[in-house]
Amino acid sequence: MIEIIPAIDLIEGRAVRLRQGDFARKTVYSEKPFELAQQFEDVGLQRLHIVDLDGARTGKISNLAVLELIAANTNLTIDFGGGVKTRDDAVSVFNAGAKILTIGSVAVKEPELFESWLAEFGDDRILLGADVKNGKIFINGWQTTTDVELVLFLRGWLEKGVRQVFCTDISRDGLLEGAASALYQEIHTELPEIYLIASGGIASIDDLDELEKSGCRAAIIGKAIYENKISLSEIETYLKNAG
């Protein structure tokens, strides 16, 4: 069974989705993200992926209050990222109720700082995010391209203790045209030890079987849920059958 991790992306306290990371192509799905989180928990989901898009864009955490509300009123295991730039930021995220810290840009731009967090907080509390397009890592909320090659980047951090990675194929994100199974198969072949989480493009419950065959252990799903391509009742049935 592949673990399903629903996603809530936040702008100004509202749950939104962007199309291929473009802030100008935004759809608002809920004014009350807390209610979405409750619905996810009610069908049996246990984990939640929260992205502070304001924070990712500005470099300053902006939606901590939403995290606090969800964490205080659900039993979901929450990973949170976006705008985390300092140790104080990291501590504030944990204090607000997140169990796992999602880090992307810092691992590229300030590797020594990221490595210190890995040592301090532990590999079970750090989720490395790798956003990729044409084999290269993008950072700063997908606004900045780099020359960093994906598999080399992941291998380097695996050697330093990273265990969980989610990888988003930017070219597929928000399009509901299927996940990047070939990309995940490549990562799994090179780095089979990593707990690999798929993200981007997932369009149906059937995609989960393909992702599992590609070596993924979990999948982050956002737009497919909000557009009812994957209903909560389907997810509930999937979980019961797998259980």
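We now turn to the structure provided with this report.

1. Some words on the environment of Glu-115
- As for its position among the elements, Glu-115 is in helix α6 (residues 111–121).
- Residue Glu-115 is classed as partly exposed on the basis of its relative accessible area, which comes to 33%.
- Taking the C-alpha atoms as reference points, Glu-115 and Trp-157, separated by 42 residues in sequence, lie 8.6 Å from one another.

2. A closer look at the nonpolar core
- Membership of the largest hydrophobic core comes to 71 residues, with the highest contact counts inside it found for Ile-8, Phe-114, Leu-154, Tyr-184 and Leu-211.
- For this core, the element with the highest residue contribution is helix α7 (residues 150–159), accounting for five residues.
- Not counting residues up to four positions away in its chain, the partners in contact with Leu-154 are Leu-128, Ala-130, Val-165, Ile-187, Leu-191 and Ile-194.
- Leu-127, Phe-166, Ile-197 and Ala-218 belong to the second-largest nonpolar core, a separate cluster that totals eight residues.

3. Observations regarding a negative patch on the surface
- On the surface, Asp-206, Asp-209, Glu-212 and Glu-234 cluster together into a patch of negative charge.
- As for its position among the elements, Asp-206 is in the loop between β11 (195–199) and α9 (207–213).
- We classify Asp-206 as exposed; its relative accessible area is 56%.

4. Regarding the packing of aromatic side chains
- Summed over the entire model, instances satisfying the criterion amount to three aromatic pairs.
- Measuring from centroid to centroid gives 4.6 Å for Phe-114 and Trp-157, while their planes differ by 85°, and the two rings are edge-to-face. With a gap of 43 residues between them, Phe-114 in helix α6 and Trp-157 in helix α7 connect regions that are remote in the sequence.
- The exposure class of Phe-114 is buried, given its relative accessible area of 0%.
- The ring of Phe-94 has Arg-125 sitting right over it, with the charged end atom 4.0 Å from the ring centre.
- Above the face of the Trp-157 ring, Lys-160 is positioned so that its terminal group lies 5.2 Å from the ring centre.

5. Comments concerning the packing of helix α1 (residues 33–42) against helix α3 (residues 64–73)
- Put simply, α1 and α3 touch, their axes get as near as 9 Å, and they point 30° apart. Remark: the crossing between α1 and α3 carries right-handed chirality. For the pair formed by α1 and α3, the contact residues are Pro-33, Phe-34, Ala-37 and Glu-41 on the first element and Val-66, Leu-69, Ile-70 and Asn-73 on the second.
- Considering only residue class, the contact of α1 with α3 consists of six nonpolar, one polar and one charged.

6. Brief notes about the pattern of salt bridges
- Summed over all chains, the structure comprises nine salt bridges.
- Arg-14 is the partner of Glu-12 in a salt bridge, and the nearest nitrogen-oxygen pair spans 3.7 Å.
- When the shortest N-O distance is used, the salt bridge between Lys-32 and Glu-35 registers 4.0 Å.
- Through salt bridges with shared partners, a single network forms among Glu-12, Arg-14 and Glu-31.

7. A short note on helix α8 (residues 181–190)
- All of the buried residues along α8 are Ser-181, Leu-183, Tyr-184 and Ile-187. One side of α8 holds all its buried residues, which, seen down the axis, span an arc of 160°. Seen from the open side of α8, the exposed residues pointing more than 90 degrees away from its buried face are Ala-182 and Thr-189.
- Looking at the buried positions of α8, the neighbouring elements they touch are β7 (126–133), α7, β10 (164–169), β11 and α9.

8. Overview of the pairing of strand β6 (residues 100–103)
- On β6, burial covers both faces: Ile-100 and Thr-102 on one face and Leu-101 and Ile-103 on the other are all buried.
- Pairing of strand β5 (residues 77–81) with β6, which is carried by two bridges, proceeds in the parallel orientation. Directly across from Phe-80, in β6, lies its bridge partner Leu-101.
- Note that the unit made of β5, helix α4 (residues 87–95) and β6 has a crossover that is right-handed.
- Judged from the three bridges that link them, β6 and β7 form a sheet pairing that is parallel. Counted as the bridge partner of Leu-101 is Ile-126 from β7.

Basis of the calculations
Residues numbered from 1 in each chain as written. Predicted model: local features only at pLDDT ≥ 70, side-chain atom pairs only at ≥ 80, totals over all residues. Heavy atoms only, no water. Helix = DSSP H or I, 4+ residues; strand = E, 2+ residues; numbered from the N terminus. Buried < 20%, exposed > 50% of the residue type's maximum accessible area, 1.4 Å probe, protein only. Core = buried A, V, L, I, M, F, W, Y, C linked by side-chain atoms within 4.5 Å. Contact = heavy atoms within 4.5 Å. Patch = residues over 30% accessible without salt bridge, like charges linked within 9 Å, V, L, I, M, F, W, Y side chains within 5 Å. Areas by Shrake-Rupley, 256 points an atom, 1.4 Å probe, with all protein chains shown as cover. Salt bridge = Lys/Arg side-chain N within 4 Å of Asp/Glu carboxyl O. Lys, Arg positive; Asp, Glu negative; His and termini not counted. Charge placed at Lys NZ, Arg CZ, Asp CG, Glu CD. Phe/Tyr/Trp six-rings, centres within 6.5 Å; stacked < 30°, edge-to-face > 60°. Lys NZ or Arg CZ within 6 Å of the ring centre and 35° of its normal. Axes fitted to C-alpha atoms, helices over the stretch in contact; angles between N-to-C directions. Left-handed = near helix turned anticlockwise from the far one by under 90°. Nonpolar A, V, L, I, M, F, W, Y, C, P; charged D, E, K, R; others polar. Arc of directions from axis to C-beta. Pairing = 2+ DSSP bridges. Right-handed = clockwise from strand over helix to strand, strands pointing away.

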